Amino acid sequence: MQFRPCIDLHQGKVKQIVGETLNTGNLGVVENFVSEHDSSHYAAMFRRDGLRGGHVIMLGGGNEEAAVRALSAYEGGLQIGGGITADNADFYLEQGASHVIVTSYIFRDGELNIDNLNRMVDKVGKERLVIDLSCKEKDGKWFVVTNQWKTFSSFEVSPDNIRYLERFCDEFLVHAVDVEGKQSGIQESLVRHLSQHVSIPTTYAGGARSMDDLTLFRDLCGGRLDITIGSALDIFGGKLPYRDVVAYCGGLQE
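Residues numbered from 1 in each chain as written. Predicted model: local features only at pLDDT ≥ 70, side-chain atom pairs only at ≥ 80, totals over all residues. Heavy atoms only, no water.

### Let's talk about the packing of aromatic side chains
Working definition: an aromatic ring pair is given by the centre-to-centre distance plus the angle between the planes. Evaluated as defined, the whole model comprises 8 aromatic pairs. Here Phe3 and Tyr242 contribute two aromatic rings whose centre-to-centre distance is 6.4 Å and whose plane-to-plane angle is 70 degrees, an arrangement assigned as edge-to-face. Note that Phe3 is positioned in the segment before strand E1 (6-10) and Tyr242 in helix H8 (residues 242-250), a separation of 239 residues in sequence. Judged by its relative accessible area of 3%, Phe3 falls in the buried class. Ring centres 5.2 Å apart and planes at 65 degrees place the aromatic pair Phe107 and Phe155 in the edge-to-face group. (Phe/Tyr/Trp six-rings, centres within 6.5 Å; stacked < 30°, edge-to-face > 60°. Helix = DSSP H or I, 4+ residues; strand = E, 2+ residues; numbered from the N terminus. Buried < 20%, exposed > 50% of the residue type's maximum accessible area, 1.4 Å probe, protein only.)

In structure tokens, the structure reads:
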């Protein structure tokens with residue numbers, strides 16, 4: 001179990017927002033935090049603390065320059081997602097990203113687009129690809145949601161589908177959309193589900209707000225999953241000490 005840091009970018013600034021409000025237009029976006037620091041400030045911090053495998057997420061347009069500044073400040077230490085396609089993936093890898101993260105590019109019109117997935121693998125290689133399985137629960141099952149989390153796909157995050165996608169990528173990033181940015185606690189059933197079925201590195205995102213949540217997460221997944229925390233951290237305006245989280249998760253690494 002490792003702590004994977006995050007840098008979320010919206011309108012060129014480092015922010016923490018409630019992800020589901022992205023679909024309401026800029027006036028309706030709920031911002032938990034807007035940083036006075038540039039993206040490179042956080043990238044340098046994560047580099048200093050030896051935190052690898054974090055992600056930079058571009059939430060809409062106008063974030064490309066800020067993303068490049070972060071990647072340049074921590075070459076090889078951060079992944080990049082948000083609007084990534086086979087046409088622009090090479091650019092971000094050249095800027096220093098270790099991996100590219102894809103969701104909407106491979107989930108189109110409510111279906112898994114295998115042609116786009118194969119195109120991405122051909123372009124960057126399995127070893128540099130992360131698939132984002134942002135998902136919501138429906139009828140007791142988990143389904144990928146796309147289009148800024150507005151649209152349910154038909155793709156169930158089932159054991160068989162997890163095994164199938166593992167053939168194409170190096171890691172999964174899984175956002176629990178229902179609790180993302182809300183500091184309402186982790187989605188326990190999703191954590192259990194993932195820990196039982198994934199066999200590649202997988203980072204869970206959504207709802208963690210306290211050291212007790214970290215302990216619960218570790219117990220639920222048996223240390224088999226990594227975790228990212230955003231709004232709850234004191235470096236993003238929350239109350240949970242970043243240093244304590246790093247120390248706690250660092251102590252669990254072998």
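Here the narrative resumes.
### Here we look at the sheet that holds strand E10 (residues 135-138)
Taken in spatial order, the 3 strands make up an open sheet running E10-E11-E12, and their pairing is antiparallel. What marks the edges here is a single partner per strand, and that holds for E10 and strand E12 (151-156). On average, each strand axis in the sheet is inclined to that of its neighbour by 45 degrees, with strand direction left out of account. (Pairing = 2+ DSSP bridges. Axes fitted to C-alpha atoms, helices over the stretch in contact; angles between N-to-C directions.)

### What about the sheet that holds strand E14 (residues 202-205)?
Taken in spatial order, the 10 strands of this open sheet run E3-E2-E1-E4-E5-E6-E9-E13-E14-E15, and their pairing is mixed. The open sheet terminates on both sides in strands that have one partner only, identified here as strand E3 (31-34) and strand E15 (226-228). Put simply, the sheet's adjacent strands are angled 30 degrees from each other on average, direction ignored. As paired strands, E1 and strand E2 (residues 13-17) are joined by 2 bridges and run antiparallel to one another.

### Some points on the pattern of salt bridges
In the structure shown here, the tally under the stated rule is 11 salt bridges. Here Asp49 and Arg243 are joined by a salt bridge, their closest N and O atoms 2.7 Å apart. In this pair, Asp49 sits in the loop between helix H1 (39-48) and strand E4 (54-58) while Arg243 sits in helix H8, placing the two residues 194 residues apart along the sequence. Here Asp160 and Arg163 are joined by a salt bridge, their closest N and O atoms 2.4 Å apart. Within this pair, Asp160 and its partner Arg163 are both found in helix H5 (residues 159-166), separated by 3 residues, close to a single helical turn. Judged by its relative accessible area of 53%, Asp160 falls in the exposed class. Taking the relative accessible area as the measure of exposure, Arg163 reaches 45% and is therefore partly exposed. Overlapping salt bridges bring together Arg4, Glu171 and Asp226 as one network. (Salt bridge = Lys/Arg side-chain N within 4 Å of Asp/Glu carboxyl O.)

### A look at the pairing of E10
In terms of strand pairing, E10 meets strand E11 (residues 141-146) through 4 bridges, oriented antiparallel. Paired with Lys136 across the bridge in E11 is Phe143. Connecting the antiparallel pair E10 and E11 is a turn made up of 2 residues, with Asp139 showing a positive phi of about 55 degrees.

### As for unusual backbone geometry
Backbone geometry places Gln11, a non-glycine residue, at a positive phi of 55 degrees. Take Gln11: it is sitting in the loop between E1 and E2. The backbone of Asp109 sits at a positive phi, close to 55 degrees, despite the residue not being glycine. For Asp109, the location among the structural elements is in the loop between strand E7 (107-108) and strand E8 (111-112).

### Some details on the nonpolar core
The biggest cluster of nonpolar side chains holds 76 residues, and the ones touching the most others in it are Ile7, Ile80, Phe172 and Ile229. Those residues in contact with Ile7 that lie beyond four places of it in its chain are Val14, Ser39, Tyr42, Ala43, Phe46, His55, Val56, Ile57, Ala70 and Leu78. Counting residues in hydrophobic clusters, the runner-up holds 6 residues, among them Ile17, Ile57, Leu59 and Ile101. (Core = buried A, V, L, I, M, F, W, Y, C linked by side-chain atoms within 4.5 Å. Contact = heavy atoms within 4.5 Å.)

### Remarks on empty space enclosed by the protein
Scanning the model with the defined rule gives 1 cavity of 30 Å³ or more in all. What the largest cavity holds in volume is close to 40 Å³. What lines the largest cavity is Arg4, Gly53, His55, Gln79, Val130, Glu171, Phe172, Leu173 and Thr203. The leading source of residues in the lining of the largest cavity is strand E13 (residues 171-175), at 3 residues. Among the residues forming the lining of the largest cavity, the class breakdown is 3 nonpolar, 4 polar and 2 charged. (1 Å grid on protein atoms, 1.4 Å probe; cavity = no way out; pocket = protein on both sides within 12 Å on 5 of 7 lines; lining within 4 Å. Points joined across faces, edges and corners; volume = space filled by probe spheres on them. Nonpolar A, V, L, I, M, F, W, Y, C, P; charged D, E, K, R; others polar.)

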